[in-house]
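# A look at the structure
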Amino acid sequence: MGGTTGATALSHAEQVGMDGLVGDGPLRRKLETSIAKWLLLLASVIAASTVLLLIVFVVGQAIPLIQHSGFSWLWGMDWDVALQEAFSEEIWVFGVLPLIVGTLLTTTGAVIMAGVIGMGASVFLAELGPKRIRRPVETLVRLLAGVPSVVFGLIGLTVVVPWVQRTFISDELLLKYSDIPLDGSGLGVAIIVLTFMILPFFVTVATDSLRAVPQRYREGGLAIGLSPWRTVTRIVIPAATPGVTAGLVLAAARAIGEAIAISMVGGALAFIPKISDGPVMLLSPLRTMAAAIVENGETMNVAPIQSVLFALAAVLLLSSLSLSLLARVVFARLQRRMGVLSDREI
Amino acid sequence: MKSDSTQAVTGTPQSRGRRLSEFLGYTLMVLSVVSIVAVCAGILGILFWQGIHSIDWTFLTQDPNPSIAEGGSSGGVRAPIAGTILLIFISTVLVVPLALGAAIYLADYMDERSVFTKAIRLGVEVLAGVPSVVFGMFGLAMFSAPWLAFMSSKGDGAEIQAAFGRSFVVASIVMALHIMPFVVKVMEEAIRSVPKAYRDAAAGLGFTKWRAIRTIVLPAAKPGLATAVVLGMGLVAGDTAIVWLTLGGTMTMSGADEWWLPWNWAALLTGTGSTLTTFTYFSSPAGDGNAPEMAFGAAFLLIMIVLVLNAVVVWIGRRSSQERT
Amino acid sequence: MNPEESSMDAAISLEMNHDTAESTAAVSMPITPRLRVEDLSAWYGRKLALDSVALDIEDRKITALIGPSGCGKSTFLRTLNRLNDTVSGFRATGSVRLGDTEVLDSALDVVRLRRTVGMVFQQPNPFPMTIFDNIALGIKEHEPRISHQALRERVEQSLARAGLLEEVKDVLKRQSALALSGGQQQRLCIARALAISPSVLLLDEPCASLDPISTARIEGLLVELKRDFTIVIVTHNLPQARRIADDTAFFLMGRMIESGSTEEMATTPQFPQTQDYFAGAFG
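Residues numbered from 1 in each chain as written. Chains lettered and ligands numbered in written order. Predicted model: local features only at pLDDT ≥ 70, side-chain atom pairs only at ≥ 80, totals over all residues.

### So, the overall build of chain A
Going by this rule: Helix and strand assignments follow DSSP, with helices taken as H or I runs no shorter than four residues and strands as E runs no shorter than two, numbered in order from the N terminus. The globule rule used for comparison is 2.2 Å times the number of residues to the exponent 0.38, while the radius of gyration itself is calculated over C-alpha atoms. Burial is judged by counting the other C-beta atoms within 10 Å of a residue's own C-beta: 20 or more makes it buried, 12 or fewer makes it exposed, and any count in between marks it as partly exposed, with every C-beta position built from the backbone.
Summing up its helical and strand segments, chain A has 13 helices and zero strands in all. Counting from the amino terminus, chain A carries its helices and strands in the arrangement α-α-α-α-α-α-α-α-α-α-α-α-α. Relative to the globule expectation of 20 Å for 346 residues, the C-alpha radius of gyration of chain A, 28 Å, shows a markedly less compact shape. With the C-alpha coordinates of chain A rotated into their principal frame, the extents come out at 105 × 60 × 40 Å. Residue burial in chain A is summarised as follows: out of 346 residues, 50% are buried.

Okay, structure coming up:
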């Protein structure tokens, strides 16, 4: 009995040995292994260095503008008229401040709204919603994530904008604010559309962060007599803060770069909505940096226009890179503050 | 701390104020979900309602009418459909080897503590946050270089020194780079989720690391890898800014009139065209075409593509979880 | 001389005296059980986890629940404060009476129940916040209007009872609880449970992830605490049950096989399964 097992084991060992040493031939295998390793390395280096290519090409094309007019374009106020004039004569003086303000307003509004709605939905999906409804809601969130931006724009423009016009814009309002073109499009609709565009991303990140909170925290909360709601708000959400905050920052990075939909519902005018106008501010038209780029994508054979559009792209690129880095820093900082030693630190 | 054994459960019930705040909290939570459901249902409902009327045989089989003078309301979306499929196909072919290679390297070959590793990971991660409009501009800048003119066409007029920088090839390359970080991330997760025991077993049998990955890890990760590719396709189908900037604003195939003939394919690929997204943009009231019914028709087809891709992802997930049990 | 050890010894000898005093009293006057479990059955989905368990748990004693893993002892414990309500598919029938309150009553306010029945878990689970906030959270939850001064006193008092105050008093409001050692974390969790003044303390293998020294400290602590609390502890560590528990109940495959005084169970078990378990565990 013992002898038989020993023999089988031996022959098995021989087999493995044969296979490992002879097989396809060690040289071929060695070659394959090292070639594979280098190809994989190459792929990841290409993947990672794409961001450098982006910086070189986009910033590079913005240089003519900086050579001609330094950085004055950053705080100049005039976009629409300057762009018109640049077609007929070679001028290098642009003002992109209205575009920057437009981008900041839409992004801030959308991030706040997506933050509130997204937290509600994430708590529902990860913690307190009836289990049977969670799955279908999650499917809808994924579906919403797949809706192309142009579809958001189209529906915003043909459904939401006319509704806003009918509902909120009266003749008196038009008379009172005759200096603002009020047609329903503008900041308010832009924020709504942008909110639902970044919402699925934020919900996914926030839901994952909540789910990553160890179950033992929840049990600890319940065991000291907290209600489920209080357990979530006092323990689970605070514990998920690093991930949720980082998700919100990344959502902001998406919001600043959204071009098509905002160009469609923003009113297509480089106007700065004024807080002094009160609620009418939400009806004021605006234009964002990304929208300005796509709207003029066809007219890039004029050198100054081309250069200023690349300058806008460069601002967007550097902002999005900074926000991505900020998200990482915020995540690591908050985690360290909670006492969690993170292996994802930079 | 002394307790009376007859009155066991002590303490006051929750105060009214706290109960009210809990109620408001739950209400807010439910309202958030309702708003998401309503927006989803609204988008689908409107597209189906408006879109279904535009869909007919002419719409599907004719090219868009090239002359704006006649209005965008005649013609169909044959070229945009072909453009969408072409773009999805080429950019998928381009992104898969790159993303798979990077994902394997990130998942299995890296020393997590080395600076080099962190740089690679950081590079891929920050790339994911770059807006697609910036990718589009990058594509224009890069492929306007005269020596890359073979990928598009020579520029005309004053810019004779530069290449045109817009073509299916260019748009596909830019699109592949745009979706790459996302595809890498999903693929890396798929590879990482293969149990370590498989790798150990392979190592125990005398497999080299690469052989173990090729023969055991990758086959086991196949559903996740397929999901990554399908999700990437969805991103390509839905993007407008890159297409608008690097494929141009012409709604028909500019490379050749009879673009479906094989000997015209080279011209097709280096020529410009449109996809369903740019066609929707062009035909919307915000675009030059201004034919909303055409826009809704194209948007309807787009959302159908999105739904089908979503269904494929769900199907892959179901099938792989069935295999496992 | 190891101070840790000496305090342990003192605690154990104290316990012995206490025990004899109790048992002499028992002759003259019947003890009201604090927790009376009758015909308790529980299911996870279709799987039967507890099969008509009956057990009396007495006031101000330590009752140990022992048995192999998967025998239902943790399920039993988590039913006592209704924590298994959060597990989907869980269902329990029968009766668990705490004094005159029916714990399984669906109309019962579980928040109030859990205030009366504190729990400490197998893996220390301090919240990711400062040491102070960990304790203060529960107090503030139940006494929202407590003054800052009183809150601080209560926190320190709880930490002192759990034998942790001396080690952490300088960093109370600065250090994250996650930076403490495993044993300190577990004592923090005990302090957190004590802070809301429960009368019953449930412990689910509280020493399973701790080193022997931390384990000894916690055992000593529990022996002290039983003067004020009814303590139920799940353990797979028989020597531990023998060291600290007055009573022991042996679970096997969802059934409570045998219960009684720990000494009797260890020396003269009634049932062959109990005998085997003790024999195997000792051998």
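After that view, the rundown keeps rolling.
### Structural notes on the overall build of chain C
Where we set the bar: Throughout, a pair of residues is in contact if the C-beta atoms placed from their backbones lie within 7 Å.
What chain C contains, in helices and strands, is 11 helices and 10 strands. The buried share among the 283 residues of chain C stands at 48%. Within chain C, contacts between residues at least 6 apart in sequence are counted, and of these 70% link residues at least 24 apart.

### What about the pairing of strand S7 (residues 200–204) of chain C?
Residues and elements named next belong to chain C. To be explicit about the condition: For two strands to be treated as a pair, DSSP must find at least two bridges joining them.
The element S7 is largely enclosed, with a buried count of five among its five residues. Residues Val 200, Leu 202 and Asp 204 of S7 are buried on one face, and the alternating residues Leu 201 and Leu 203, pointing to the opposite face, are buried as well. As judged from the four bridges shared by strand S6 (residues 117–120) and S7, these two strands associate in the parallel manner. From the neighbouring strand, Val 120 faces S7, where its bridge partner is Leu 203. Where S7 lies against strand S8 (residues 230–234), five bridges are found, and the strand directions are parallel. Considered in S8, the bridge of Val 200 is made with Thr 230.

### Focus: the packing of helix H8 (residues 187–212) of chain A against helix H10 (residues 228–257) of chain A
Residues and elements named next belong to chain A. The line we're drawing: The angle between two axes is taken between their N-to-C directions and runs from 0 to 180 degrees, where each axis is a line fitted to C-alpha atoms and a helix contributes only its stretch in contact. To sort the angles, those under 35 degrees are grouped as roughly parallel, those over 145 as roughly antiparallel, those from 65 to 115 as roughly perpendicular, and the leftovers as oblique. It is the rotation of the near helix from the far one that decides the hand of a crossing: anticlockwise by less than a right angle makes it left-handed, clockwise makes it right-handed. For this scheme, ten residues count as nonpolar: Ala, Val, Leu, Ile, Met, Phe, Trp, Tyr, Cys and Pro. Four count as charged, namely Asp, Glu, Lys and Arg, and the remainder, Gly too, count as polar.
One way to put it is that H8 packs onto H10 with a least axis distance of 8 Å and a crossing angle of 150°. Looking at the two axes, H8 sits roughly antiparallel to H10. Crossing hand, H8 versus H10: right-handed. Across the interface between the two elements, Leu 194, Ile 198, Phe 201, Phe 202, Val 205, Ala 206, Asp 208, Ser 209, Leu 210 and Ala 212 from H8 touch Val 236, Ala 240, Gly 243, Val 244, Gly 247, Leu 248, Leu 250, Ala 251, Arg 254 and Ala 255 from H10. Considering only residue class, the contact of H8 with H10 consists of 15 nonpolar, three polar and two charged.

### Looking at the sheet that holds strand S3 (residues 62–66) of chain C
Residues and elements named next belong to chain C. As summarised here, the arrangement of the six strands in space is S6-S7-S8-S3-S9-S10, forming an open sheet in which the pairing is mixed. Strands with a single pairing partner mark the edges of an open sheet, and in this sheet they are S6 and strand S10 (255–261). Averaged over all adjacent pairs, the angle separating strand axes in this sheet is 15°, with direction ignored. Note: S3 against strand S9 (residues 247–252), four bridges, orientation parallel. If you follow Thr 63 over to S9, its bridge partner there is Asp 247.

### Some thoughts on the confidence of the model for chain C
Residue and element names in this part refer to chain C. As a reminder, the rule being used: pLDDT: the predictor's confidence for each residue, scored from 0 to 100.
When pLDDT is averaged along chain C, the result is 83; 87% of the residues meet or exceed 70. Predicted confidence for residues 1–31 stays below pLDDT 50, and this span has 16 contacts to residues more than four positions away or in other chains. Here the complex is predicted with pTM 0.86, and the ipTM for its interfaces comes to 0.89.

### With respect to helix H9 (residues 215–223) of chain A
What H9 of chain A keeps buried is the set Arg 218, Gly 220, Gly 221, Leu 222 and Ala 223 of chain A. Next to the buried residues of H9 of chain A lie H10 of chain A together with helix H3 (110–116) and S6 of chain C. Phi turns positive one or two residues past the end of H9 of chain A, at Gly 225 of chain A, with a value near 85°.

### Focus on the interface of chain A and chain B
The interface is formed by 78 residues belonging to chain A together with 72 residues belonging to chain B. Residues that form the side of chain A that touches chain B fall into these classes: 53 nonpolar, 19 polar and six charged.

### Focus: helix H11 (residues 276–283) of chain B
When you tally the buried positions in H11 of chain B, you get eight out of eight residues, the bulk of the element. Of the residues making up H11 of chain B, those classed as buried are Leu 276, Thr 277, Thr 278, Phe 279, Thr 280, Tyr 281, Phe 282 and Ser 283 of chain B.

### Some remarks on unusual backbone geometry
Residue and element names in this part refer to chain C. The phi torsion at Arg 60 lies on the positive side, around 55°, for a residue other than glycine. Checked against the element boundaries, Arg 60 lands in the loop between strand S2 (47–58) and S3. Given 18 C-beta atoms within a 10 Å radius, Arg 60 is considered partly exposed. You will see that Arg 82, though not glycine, has its phi angle at about 60°, which is positive. One can find Arg 82 in the loop between helix H2 (73–80) and strand S4 (90–98).

### A word on the pairing of S8 of chain C
Residue and element names in this part refer to chain C. Which entries qualify depends on this criterion: By convention, a crossover is right-handed whenever its connection, traced from the first strand over the helix to the second and viewed with the strands pointing away, goes clockwise.
Among the five residues in S8, five count as buried, and that is most of the element. The alternating pattern of S8 places Thr 230, Val 232 and Val 234 on one face and Ile 231 and Ile 233 on the opposite face, and all of these are buried. Of the crossover connections in this fold, the one passing from S7 over helix H8 (residues 212–225) to the parallel S8 is right-handed.

### Brief notes about the packing of helix H3 (residues 78–109) of chain B against helix H6 (residues 168–192) of chain B
All names here are of chain B. At their nearest, the axes of H3 and H6 sit 6 Å apart, and the two run at 40° to each other. Once H3 is placed against H6, the crossing between them reads as right-handed. Residue composition of the contact of H3 with H6, grouped by class: 24 nonpolar, two polar and three charged.

### Re the environment of Leu 140 of chain A
Its place among the elements puts Leu 140 of chain A in helix H5 (residues 131–146). Given 19 C-beta atoms within a 10 Å radius, Leu 140 of chain A is considered partly exposed. The spatial distance from the C-alpha of Leu 140 of chain A to the C-alpha of Pro 200 of chain A is 9.1 Å, given a sequence separation of 60 residues. If we ignore the near neighbours within four places in the chain, the residues touching Leu 140 of chain A are Ile 36, Val 37 and Cys 40 of chain B.

### Points about the environment of Thr 101 of chain C
Residues and elements named next belong to chain C. Structurally, the position occupied by Thr 101 is in strand S5 (residues 101–102). Using a count of 17 C-beta atoms within 10 Å as the deciding quantity, one classes Thr 101 as partly exposed. When the C-alpha atoms of Thr 101 and Leu 55 are compared, they prove to be 16 Å apart, with 46 residues separating the residues in sequence.

### Comments concerning the confidence of the model for chain A
Residues and elements named next belong to chain A. Of the residues in chain A, 91% reach a pLDDT of 70 or more, and the chain-wide mean stands at 86. In this model, residues 1–22 is a region of pLDDT below 50 whose contacts with residues beyond four sequence positions or in other chains number five contacts. Within the model, pLDDT remains below 50 along residues 341–346, and this stretch shows nine contacts once partners closer than five positions in the same chain are excluded.

### Topic: the environment of Leu 80 of chain C
All names here are of chain C. With respect to the helices and strands, Leu 80 occurs in helix H2. Distance in space between the C-alpha atoms of Leu 80 and Val 103 is 7.1 Å, their sequence separation being 23 residues. Setting aside anything within four residues of it in sequence, one finds Leu 80 in contact with Leu 35, Val 96, Val 103, Val 117, Leu 202 and Val 232.

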